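Chain by chain, the residues run as shown.
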Amino acid sequence: MTPVRRRAALRLLVLALCPLPAAGCADPAPRAPADDGAVRRAVADWSAAPPARLAGIPLEGWSYEVTSVRQSGVRAFARAELRYRLAGYDGAPASSAREVELVRDGTAWRVTADRPAPGAVAQLWDQGEVAAVRGAHCLVLGAGRTPQALAALAAEADRAVPAVTAAWPRPWARRVVVLAPATLEAMAALLGRPADTYRGLGAVTTGSTGGGPAPADRVVVNPEGYPGLSEAGRRIVLTHEVTHVATRAATSASTPLWLSEGFADWAAYRQTPTAPADGAPELARAVRRGELPGALPADGAFTFGGDPQATARAYGGAWLACRLVAARWGEPALVRLYELAAREPLPAALGEALGVDLPGLTAAWRQTLREELG
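First, a word on scope: everything that follows refers to the structure included in this document. Owing to the predicted nature of the structure, the values given are computational and were not obtained by experimental measurement.

This paragraph deals with the sheet that holds strand 4 (residues 108–116). An order of 1-2-3-4 is seen for the four strands of this open sheet, with the pairing classed as antiparallel. Since the sheet does not close on itself, it has two edges, and those belong to strand 1 (59–72) and strand 4, each with one partner. Taken pair by pair, the neighbouring strands of this sheet meet at an average axis angle of 30°, ignoring direction. As paired elements, strand 3 (residues 94–105) and strand 4 share eight bridges and run antiparallel to each other. Across the sheet, residue Glu99 finds its bridge partner in strand 4, namely Arg115. Sheet strands in contact with helix 2 (residues 36–46) are strand 1, strand 2 (75–86), strand 3 and strand 4, and its direction is about 155° off that of strand 1.

Have a look at this one:
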C-alpha cells in the first residue's frame, strides 16, 4: 500500500470509530463533575453520630463541617473540621482537621476512610481502639495500653488533682483529661512534633494560655519515660502537669517561664520532704563547681532538644526561686505574684506581690543557692 492509500485508510478507520465530525473521539460514558452537595450530604449522614467504636468515650457535639471537596474519578476527598466535646471536661469544642475519603457507588457516595488532614495532628482513636477509665477527678483515655496501666494512671491523677488544688486555691475545673498513647512516636503524632522532642520526658500538657471557654487541656503521658519513673517520680511529674492545667487561665505570654515552670514544680514537691540538692541535682553540681547562675533562668533555657543538663539546671533554679518566695513571703504571695505576672510587667508584679524588685529577688535567690546547694 502506498503512503497516500495508507493515510486514506487510516482516516476512514478514524471516521468509523469516531463519527462525530471534527470534535475528536468522545468518551462514550463521560464522568460527571464532582457533586459537592452530594458529597457533603454523604459526610453529614455518615458523621451524624460518633462511630460505635468510640462509644466508651463521653463525646458530645460531634460534627464534621466540610470546607472543600476534591474529586478524582469515582473517588472524592472532603476536607473537614471535626468538632466535639468531652462531656464534663471541655468548656468549648475541640477541633481537628480531617480528610474524609469517599467512593461513588452508582449515583451515591460512600465514606471509606477518615484520617487527619495533611499536616494535621492525629486523634488518639486514629491510633487504635481507645479504652476509657474514669477516676474521681479524671478521665484517662488510652490506645494500646493495658486496663491495669490505665487504672494506675487514673489513681495517680486522682491524687494529683487535690494536691494541685491545695497549692493553687483559685477556681479551676479540678478535673483532668489524661491521654495514654502506646509509643513515643504515637505521642509525637498527637502533639505534632518530632518524637525526639519528648524523649526522656515523663509527660507534657497541651492547651492555650489565658481565660475564656476552651477545650480542656490534655496531659499526654510518655509511654517510654513515665513508666520508668519511681512512684514518687510519677507523682511529681503528674502533679507538675496538672498544675499547668489548673493555672492555665492565669497564665499569659508575659508570664516568665521560670515562674510558670517553677510554680508547677513547687506544687509537685510541696507536700514531699525533697531536699533542694535532691530535687535540683544538676544545679547543685554546678553550684559546687563554682558556677552560680547570675540571673533567674531565661525563657529560652526551658527549651527541650538542646543540652539536657542545662535544661535541668533551669528547672531546678525555677523551682528553688518559687520555693524561696513561698518560704519568705508566704504561699498566698506566690499565688498572687503568679496572677499579677500574667497581666503586668514582672518588676511591677514583684513590687505589688512581694515588695521587692527583680535585683532584690535575684540576690536572695542566689544566696539561697549558695546556702542550700553549695
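Additional details are given in the paragraphs that follow.
A few words now on the sheet that holds strand 6 (residues 138–143). Read across the sheet, five strands follow the order 5-6-7-9-8 without closing on themselves; strand pairing throughout is mixed. Both edges of this open sheet fall to strand 5 (130–134) and strand 8 (203–205), since each of them pairs with a single strand only. Sheet twist, expressed as the average angle between the axes of neighbouring strands with direction ignored, equals 20°. Direction of pairing for strand 6 relative to strand 7 (residues 176–180): parallel, over a ladder of five bridges. Residue pairing for strand 7: Cys138 is matched across the bridge by Val176. Its contacts with the sheet put helix 4 (residues 184–191) on strand 7, strand 8 and strand 9 (218–221), and the angle it makes with strand 9 is roughly 155°.

The next thing to look at is the pairing of strand 6. Most of strand 6 is tucked away, with six of its six residues classed as buried. Side chains Cys138, Val140 and Gly142 project from strand 6 onto one buried face, and the interleaved Leu139, Leu141 and Ala143 project onto a second face that is buried too. With five bridges joining them, strand 5 and strand 6 adopt antiparallel strand pairing. Bridge assignment links Arg134 to a residue of strand 6, and that residue is Leu139. Counted along the chain from strand 5 to the antiparallel partner strand 6, the turn is three residues long. What joins strand 6 to strand 7 is helix 3 (residues 147–167), and the crossover it makes is left-handed.

Parameters and conventions
Residues numbered from 1 in each chain as written. Predicted model: local features only at pLDDT ≥ 70, side-chain atom pairs only at ≥ 80, totals over all residues. Heavy atoms only, no water. Pairing = 2+ DSSP bridges. Helix = DSSP H or I, 4+ residues; strand = E, 2+ residues; numbered from the N terminus. Axes fitted to C-alpha atoms, helices over the stretch in contact; angles between N-to-C directions. Contact = heavy atoms within 4.5 Å. Buried < 20%, exposed > 50% of the residue type's maximum accessible area, 1.4 Å probe, protein only. Right-handed = clockwise from strand over helix to strand, strands pointing away.

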